[in-house]
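# Report on the structure
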Number of protein chains: 2
Amino acid sequence: MTTTAVREQHANVTTYLPNEPADAVVFAACTEDVQTTVRICAAHGVPVIAWGAGTSLEGQVNAPRGGVCIDLSRMNRILAVNSADLDCVLEPGVTRKRLNEDLRDQGLFFPIDPGADATLGGMVSTRASGTNAVRYGTMKDNVLSLKVVTADGRLITTGTRARKSAAGYDLTRLFVGAEGTLGIVTEITLKLYGIPEAISSAVCPFPSITTACDAVIATIQSGIPVARIELLDEVQVKACNAYARLSLAETPTLFMEFHGTTAGVHEQAELFGAIAAEFGGGPSEFSVKPEERSRLWQARHDAYWAALLLRPGAKAVATDVCVPISRLADCVEATKADIVAMGLVAPIVGHVGDGNFHTVLMVDMDDAADLAKAKQFMARLVERALAMGGTATGEHGIGQGKMKYMAAEHGEGALDAMRAIKRALDPHNIMNPDKIFTL
Amino acid sequence: MTTTAVREQHANVTTYLPNEPADAVVFAACTEDVQTTVRICAAHGVPVIAWGAGTSLEGQVNAPRGGVCIDLSRMNRILAVNSADLDCVLEPGVTRKRLNEDLRDQGLFFPIDPGADATLGGMVSTRASGTNAVRYGTMKDNVLSLKVVTADGRLITTGTRARKSAAGYDLTRLFVGAEGTLGIVTEITLKLYGIPEAISSAVCPFPSITTACDAVIATIQSGIPVARIELLDEVQVKACNAYARLSLAETPTLFMEFHGTTAGVHEQAELFGAIAAEFGGGPSEFSVKPEERSRLWQARHDAYWAALLLRPGAKAVATDVCVPISRLADCVEATKADIVAMGLVAPIVGHVGDGNFHTVLMVDMDDAADLAKAKQFMARLVERALAMGGTATGEHGIGQGKMKYMAAEHGEGALDAMRAIKRALDPHNIMNPDKIFTL
Ligand SMILES: Cc1cc2nc3c(=O)[nH]c(=O)nc-3n(C[C@H](O)[C@H](O)[C@H](O)COP(=O)(O)OP(=O)(O)OC[C@H]3O[C@@H](n4cnc5c(N)ncnc54)[C@H](O)[C@@H]3O)c2cc1C
Ligand SMILES: Cc1cc2nc3c(=O)[nH]c(=O)nc-3n(C[C@H](O)[C@H](O)[C@H](O)COP(=O)(O)OP(=O)(O)OC[C@H]3O[C@@H](n4cnc5c(N)ncnc54)[C@H](O)[C@@H]3O)c2cc1C
């Protein structure tokens, strides 16, 4: 397809970066479609940009050099669910919600949950995580094997269904997070988990960001296997109250979830309650009712949409960093101070068990000064995180938006190593060029 | 050093492969020593072989083309323990036992425990695991960042202390398991864990390998967060009884460990007991006493030495494979049948929660027919594991011994990708050449 509407819809739309459409969009129905397209593009030196659901936040699906976008959303079959092995095999266009709907009947689930209903192929490629990562890890930890079409059109397999292997280089982890710059994923084998016997959630208000963060550190250190531990600052709580008709106290708040046996989640919740109280938090409201829990987590997942209410007409620009957890309170507090000093509207939400947090900046895209201020804020945020021993992005990836920080984070040596790998696997630089770094 | 004794001591000694010493051994005291040595070797096209404790099992530290062995065991400082972040920074020559002795006072531990007292640098490089991997993962899951001297003598850093990152290619995971073929690790940042409030262990006999494996599958599926679940076949139990003066029933047996709160481990042990009984296992003997637990796990860790008693004068040749857990019983049973049919002495022990098991073949190295039979057995074992969707090695790595299976496991395409990465990062092929694959 080459209509403008389709091409533009397949280029970045979720951030401040300009839309840079590919020249054509191919809807792949099977692996051979991908191989054929890649081979044709390789023969002509034309860029190939993989596309899942287009929910990435750093301009990952833009086509700055034009080329062909391969839309993988129609490759959406679940090929096998092996319940004895707790794994499944699927095509990259399956979305996380579809997968979990399909698995529910078998008492299984896949935990990684970016706020959007992303495809698994996109999630593999951005090394996505979400609210459950503190317990279940990120995509890096939950992919057993991939089938990948490389830049020459060959199909390779990066692993087996064995849970672990020491047989050579870890190609799986190399393609996880590569943002489509090394190849196109056409099949994914994922780890699954049994739906826990019992799940309980808690909402716990705190007097300040620092006390909330200190409670998080103490909780993680104490070894409580929290499944989710999310921070919402008072601005985000206010937005969620309005959007989801909740009536939470408008103060920094932790949303928690505990997974385990009935006795186990009860014990976890009690231990957490005691820790929270030590830091002046509480009272916690606990719930084991599925409806209440979904309402709560839906509100958390809708944080982005809720934020839009805070400044009607503005666009939400989400950005994320991740720091060692001991620096989390410092980093969030300094970031909030910056938001206030710069007069920005920007709620903070975070997967704080991992030291990862987001700000959602409400930007008036027609106001150049406003946009400039937002960019300045984001640059300072990344510099702050790096200075604290953190990373420019915990989960959204680099795309175009964060390329400028790669050298500062990794150093020229490591960046050169990445470039060498890119050249080795994609010598003509056709796979999603000018993302992560330029050559 | 260039004395024959030192050179031979630094070449492989743990398996059937011949000893192929390097031309010289350099004892590095600091990163600069490593850089200087690598630069000199690079200038002269001389191979560089890193050496930690020399306990690898597939000829990883042999020097088939000669060259310089860099012994890292003197780089053994623990540089930082960040208890709030549950991480630490250390030099590669620190051994796992030293690390845990140092951490104990702070209530922390590092879970990965290959049977030998390996160095962390060696463990990183073989992607080692051990008895705790079912709960805590392997080295792949527990390294946050590395400093690596690459083939041109540059020092690069592969990550930060942040718990997760989506910033570019996962260089950390590329060096983990690379067996020193891409660079030499000179600093390691590891995840740590709090020593659990309560630990309990159990020993549970089963009527057969199949029933024991079925109990393992059911345990994992039920979501019991077992910390360790080890299978010993009746041959190994017999050897352990003799070596460690235990009096276990000589039948397939599971050694278990549970970590958690006092109530939690009690619940886990009860749930496991019920599952075991369903499959005809038991009675389980539980213990929470530290001395009893250590005695048990020491016996498990000494399985290799115990096996030597089974055939005095023979050498123990350890080999490992890993299969999807649903195929574990089949794979172990077929392997046992092969042992019997071939008249071999070869106990089986396994980290079965991951589908990983070992056979320890007792081989008379002076008897060519005996050695040939052992090699034939090992080839059939790997073929069997691959045919069941598994891997040629779950944790020992490829070295020289398993190079021949790389194409069968990965396919030529993936193997070519590995070779391309090797050439990109080590264009003159000086880093531990002719390991994992030949160029
Ligand atoms: C409201 C909202 C909330 C979000 N919350 C989170 C969050 O909590 N955590 C988080 O991690 N992310 C979050 N995200 C970001 C986004 O959802 C993730 O980055 C997601 O992984 C992108 O998946 P996708 O299918 O939309 O991929 P796309 O945007 O289509 O593509 C992303 C990248 O992957 C590549 N790609 C896609 N498919 C393939 C394939 N099959 N093979 C190779 N490369 C491919 C593309 O070329 C591109 O570089 C959020 C986004 C929104 C809009
Ligand atoms: C009795 C016994 C039981 C064992 N049980 C297990 C087990 O349960 N699980 C398991 O995983 N393994 C096991 N092993 C194997 C062995 O202990 C592991 O492979 C271990 O990781 C090797 O560490 P090492 O320090 O001895 O490394 P070495 O043998 O010295 O080196 C191993 C490889 O790593 C490279 N290397 C070493 N240091 C560095 C560095 N700093 N930078 C780059 N490359 C480096 C070497 O070049 C070589 O290729 C066992 C071995 C024995 C003898």
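Residues numbered from 1 in each chain as written. Chains lettered and ligands numbered in written order. Predicted model: local features only at pLDDT ≥ 70, side-chain atom pairs only at ≥ 80, totals over all residues. Heavy atoms only, no water.

Looking at an unreviewed UniProt entry, one finds chain A named D-lactate dehydrogenase (cytochrome) and attributed to Xanthobacter agilis. Word for word, the UniProt comment on chain A under Sequence similarities (unreviewed entry) is "Belongs to the FAD-binding oxidoreductase/transferase type 4 family." Comment text from UniProt for chain A, heading Cofactor (unreviewed entry), reads "FAD". (UniProt positions renumbered as here; feature names shortened; annotations may be inferred.)

## Focus: the overall build of chain A
For chain A, the helix and strand inventory stands at 15 helices and 17 strands. Counting across all 439 residues of chain A, residues that qualify as buried make up 63%. Counted over contacts in chain A with a minimum sequence separation of 6, partners at least 24 positions apart contribute 71%. When the accessible surface of chain A is summed, it comes to about 14900 Å², and 53% of that surface belongs to carbon and sulfur atoms. Charged side chains in chain A number 40 positive and 50 negative. The centres of these two groups are separated by 3 Å. (Helix = DSSP H or I, 4+ residues; strand = E, 2+ residues; numbered from the N terminus. Buried < 20%, exposed > 50% of the residue type's maximum accessible area, 1.4 Å probe, protein only. Contact = heavy atoms within 4.5 Å. Areas by Shrake-Rupley, 256 points an atom, 1.4 Å probe, with all protein chains shown as cover. Lys, Arg positive; Asp, Glu negative; His and termini not counted. Charge placed at Lys NZ, Arg CZ, Asp CG, Glu CD.)

## Topic: helix 3 (residues 96-104) of chain A
Note on helix geometry: an α-helix contains 3.6 residues per turn, so any two residues three or four positions apart are oriented the same way. Residue and element names in this part refer to chain A. Three or more residues of helix 3 are buried, namely Arg96, Leu99, Asn100 and Leu103. Along the axis of helix 3, the buried positions cluster into a sector of 95°, meaning they face one direction only. If you follow the buried residues of helix 3, they end up packed against strand 4 (78-82), strand 5 (87-90), strand 6 (108-109), helix 4 (120-126), strand 9 (184-191) and helix 11 (290-301). (Arc of directions from axis to C-beta.)

## A word on the site of ligand 1
Residue and element names in this part refer to chain A. Taken together, 34 residues sit near ligand 1, with Ala50, Gly52, Thr55, Ser56 and Thr119 positioned nearest. Within the backbone of Gly52, one N or O atom sits 2.7 Å away from an oxygen atom of ligand 1. A distance of 2.8 Å separates a nitrogen atom of ligand 1 from a polar atom in the side chain of Glu395. Within the complex, the protein chains bury 97% of what would otherwise be the 980 Å² of accessible surface of ligand 1. Looking at the shell around ligand 1, the elements that each hand over two or more residues are strand 2 (48-51), helix 4 and strand 9. (Near = heavy atom within 4 Å. Polar contact = N/O pair within 3.5 Å; in protein donor to acceptor, adjacent residues only side chain to side chain.)

## Remarks on the pattern of salt bridges
Enumeration according to the criterion identifies 52 salt bridges over all chains in this entry. Residues Asp113 of chain B and Arg228 of chain B are paired through a salt bridge, measuring 3.1 Å at the closest nitrogen-oxygen approach. Of this pair, Asp113 of chain B sits in the loop between strand 6 (108-109) and helix 4 (120-126) while Arg228 of chain B sits in strand 12 (residues 228-232), and the two are 115 residues apart along the sequence. Side by side, Asp113 of chain B and Arg228 of chain B carry an identical accessibility label, which is buried. Via salt bridges that share partners, Asp152 and Arg154 of chain A together with Glu412, Asp416 and Arg419 of chain B belong to a single interconnected network. (Salt bridge = Lys/Arg side-chain N within 4 Å of Asp/Glu carboxyl O.)

## Section: helix 14 (residues 368-387) of chain B
Residues and elements named next belong to chain B. Compared with the 28 Å implied by 1.5 Å per residue over 20 residues, the 28 Å span of helix 14 between its first and last C-alpha is a close match. Listing the buried residues of helix 14 in full gives Asp370, Leu371, Ala374, Phe377, Met378, Ala379, Leu381, Val382, Arg384, Ala385 and Leu386. Among the residues of helix 14, the N-terminal cap falls to Asp367, whose side-chain oxygen and the backbone nitrogen of Ala369 are separated by 3.0 Å. A positive phi of about 80° marks Gly389, the residue just after helix 14. (Expected span 1.5 Å × (residues − 1).)

## Some words on the packing of helix 13 (residues 328-342) of chain B against helix 14 of chain B
All names here are of chain B. Interhelical geometry of helix 13 versus helix 14 gives an angle of 160° and a closest axis separation of 11 Å. On the basis of the axis angle, helix 13 is roughly antiparallel to helix 14. In the crossing of helix 13 with helix 14, the sense of the turn from one axis to the other is right-handed. Packed against helix 13, whose contacting residues are Cys331, Ala334, Thr335, Asp338, Ile339 and Met342, the element helix 14 presents Lys373, Gln376, Phe377, Arg380, Leu381, Arg384 and Ala385 at the interface. Residues of the contact of helix 13 with helix 14, tallied by class, amount to 7 nonpolar, 2 polar and 4 charged. (Axes fitted to C-alpha atoms, helices over the stretch in contact; angles between N-to-C directions. Parallel < 35°, antiparallel > 145°, perpendicular 65-115°, else oblique. Left-handed = near helix turned anticlockwise from the far one by under 90°. Nonpolar A, V, L, I, M, F, W, Y, C, P; charged D, E, K, R; others polar.)

## What to know about the interface of chain A and chain B
At the junction of the two partners, chain A supplies 75 residues and chain B supplies 75 residues. Summed over both partners, the interface of chain A with chain B buries about 5800 Å², with 60% contributed by carbon and sulfur atoms. Of all residues in chain A, the largest losses of buried area upon contact with chain B belong to Lys164, Ala166 and Tyr169 of chain A, amounting jointly to 16% of the total for that side. Across the contact surface, chain A and chain B share 6 salt bridges. With a shortest N-O distance of 3.4 Å, Asp354 of chain B and Lys164 of chain A are connected by a salt bridge. (Buried area = accessible area lost by both parts, 1.4 Å probe.)

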